[in-house]
Amino acid sequence: MKRRWRDMTSGKLFVRILKTDFKQRAWSLLLGLIVFFLCLPAAYLLMLGSQIGTDPIRAMRTAEELLRSSGSLMLPFVTVAAACICAPGGFAYLHKRSGTDYYHSLPVRRETLFAAKYVNGILIYLLSFGINLLLTLLLAAAGGGVTGEVLRGAACMFAGHMTAYLMLYSIALAATFLTGNLPVNILMIGFFYLYGIFVRFLRVCLMDSFLRTYVHSSWLEDTGTILSPLCFYTGLTVYGEGWPVHVLTGLLVAAGFSALALLLYRVRPSEASDRALAFPWMRLPFKFLVCVPAGLMGGWFFYSMRMSMGWYLFGTVVLWLISSVFMEMVTALSFRQGFAHWKSSALCLAVSGFVLLVFVQDLTGYDAYLPRKDSLAHMAVNVSMLDTEQDAYSWGEDGLPYYESINSYRMNHMRLTDLDAAYDLAAESIQTLEADDNEQQMDGSWITVCFSTKSGRKIYRQYPQCNEEQVRLLAQVYDSEEYKEGSFSILTDEEHLEYYKGIHYRDFLGQEYEQTLSAQDMERVYEAFTADLRDASLADSFTQEIGTLSFRIERDSWYGDYDSTLGSYPVYADYERTLAALDDLGIQTVCDPSTVITVDVDDYDDEYSGQVTTYTYTDPEEIRQIFPCLRSRRADWYYDTDSLYVYGVRARVTLAGAQNEYDYQNYDLALSELPDFLREDLGLDQAP
């Protein structure tokens, strides 16, 4: 008898349970094999198309595209679905009293039973993914598309998704052991997966609504990444510098939740299948975790539509009431218990009100926060609507330029180590928040500052630009070499100059010139322009530009010839080196006002009614006087544009040789250089 008992509780029994359970769950493996086949081998063949087996380079690039990145776009969805199926599926007997009694009456330790089913849940995903990944590599090898890079990419992809599955699977197991029936089990898994995203979204909404200096840079940063495994999953599919740390962190999370799941399984009472929650003490914590943010989100929803605190309070009470009743009914499995435990519900409402007060009154001092200067390693400064028409780009591993907005480029690449002007600008901007007249602050642009501390932390703040002291300090920042190199990617692009093959120049009146240049001429234009750009000042944006200059890039790429145009850089009158280089190429850089035959000035008397009064000027002398006040680019970054341009007035300039009545250029009018006769026609005060 003792021998039989030892045999039943030995490692042989573990293998026997493992095999039996695996046979019962064979349908899961079959389904996984089919789904992964569609995501990997079938997707690879579809991407190759008709060139299967005929183009090794194409096969290699396709394999790299599929395997070196995050793989098929469907893999994350498949991984999440697999975790949600395998975890509850392996322990489905816990949701039935008869099944629980049967398994727990077997002469098997709970740890052994847990280990067998736990391992099977991992094997189902491992085999489904691994077999199809190997098949994809064999298909790529048949076409000559397997290289060391492809194999490394495949290994990274497998490790990333496998780590994500282990993390999601262990979390789903813990959620399974906390519940007593399948519907609540599904809700609990969704809670663990999505709660971090919900909290992150709520935090962003509250900070964006009530904190004036908050900068929302990413939905996947900070709290959302930490609390949500789905957000953390994204870091496992981006194989950058911090990827190994992400994998290690994911494995540690998986190990922690696996240990928690084992502990919960050991202490879980057999009669828990009759309840919504396996442990009654969980009711109050989960009620707080759900009802407090639900009330705040409900209030924000109504506030976002009406911008009224009264509506915020109304929405908070409504969603608090709904969520409280829902939680009571779910945890008690009875509709009649919806209004039970009203004291805890009232406490949830009070906590929601306190959290709202923290944001509305900024009790944490978020807006007034300024890091110590000696704690900073460097800073970055961005002004919205300043030089935003210029392209910012970075060269990828494939040797091609990839574009991004100049605003994000500055935040990612600028390193201002001379902190004096930038730090003073941030300090001055904080003072503007205390100004009594805040209406004007919304009319100008915003100054975004990134404080990078010596410890590696990044702190983002944005401030309204609304006074001349800010402009003065901003001009000092703009003049620095570090600001220029962090703003204009062309200044640090000498190593790719061999791909610069030509230029495109468009003068102030719209005449275009395009030339293919020799390497020597291209180098001269590049050096002349970058030298002028380094010497440019903020005041240039107020002046009339001479024209715009773009550079044409040509090079071979794996998918064919690459041809693109970089930049739309303004050329001003003080860009002497650039103008001289263009003149030597035979490009007429300076516009001749005599080519203008008509200037139509449209005065929009009422922008809502659409009434327009048009003043037409054809006299050459009047056109010559109007010409200096024309502006093709507005300095919209400036906080008081009404002092720069004539409000509600646009000029239409028609050149000699116009094809039809719609062949004209549009311009704004600079208020400071407006001729007297035009001021009189527009009914403006005479210039001092």
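A. Spatial organisation of the environment of R268. By secondary structure assignment, the location of R268 is in the loop between helix 13 (243–267) and helix 14 (283–306). The spacing of R268 and G180 is 88 residues in sequence and 9.9 Å in space, taken between C-alpha atoms. The contact partners of R268, leaving out residues within four places of it in the chain, are L94, R110, T176, F177, T179, G180, S273, A278 and F279. A distance of 3.3 Å separates a polar side-chain atom of R268 from the backbone oxygen of F177. Within polar-contact distance, the side chain of R268 engages the backbone oxygen of T179 at 2.5 Å.

B. Region of the structure containing the nonpolar core. Counting 89 residues, the largest nonpolar core has Y169, L173, F177 and Y193 as the members making the most contacts within it. It is helix 9 (residues 148–177) that provides the largest number of residues to this core, a total of 16 residues. Sequence-distant contacts of Y169, that is, excluding residues within four places in its chain, are made with A83, C86, A87, K117, Y118, G121, I122 and Y193. With 73 residues, the next largest nonpolar core counts M414, Y499, A536 and V571 among its residues.

C. Region of interest: the packing of helix 6 (residues 75–90) against helix 9. Across the interface, helix 6 lies against helix 9 with an axial gap of 8 Å and an inter-helix angle of 35°. Both helix 6 and helix 9 take part in a crossing whose hand is right-handed. Residues L75, P76, T79, V80, A82, A83, C86, A87 and P88 of helix 6 lie in contact with helix 9, whose contacting residues are M157, H161, A164, Y165, L168, Y169, A172, L173 and T176. Of the residues in the contact of helix 6 with helix 9, the class split is 15 nonpolar, 3 polar and no charged.

D. Highlighting the confidence of the model for the protein. Overall, the prediction assigns the protein a mean pLDDT of 83, with 88% of residues at 70 or greater. Confidence over residues 1–9 falls short of pLDDT 50; this stretch has 7 contacts with residues more than four positions distant or in other chains. Ignoring residues within four places in sequence, the model shows residues 436–442, a span with pLDDT below 50, making 9 contacts including any to other chains.

What counts, and where the lines are drawn
- Residues numbered from 1 in each chain as written.
- Predicted model: local features only at pLDDT ≥ 70, side-chain atom pairs only at ≥ 80, totals over all residues.
- Heavy atoms only, no water.
- Helix = DSSP H or I, 4+ residues; strand = E, 2+ residues; numbered from the N terminus.
- Contact = heavy atoms within 4.5 Å.
- Polar contact = N/O pair within 3.5 Å; in protein donor to acceptor, adjacent residues only side chain to side chain.
- Core = buried A, V, L, I, M, F, W, Y, C linked by side-chain atoms within 4.5 Å.
- Buried < 20%, exposed > 50% of the residue type's maximum accessible area, 1.4 Å probe, protein only.
- Axes fitted to C-alpha atoms, helices over the stretch in contact; angles between N-to-C directions.
- Left-handed = near helix turned anticlockwise from the far one by under 90°.
- Nonpolar A, V, L, I, M, F, W, Y, C, P; charged D, E, K, R; others polar.
- pLDDT = per-residue confidence, 0-100.

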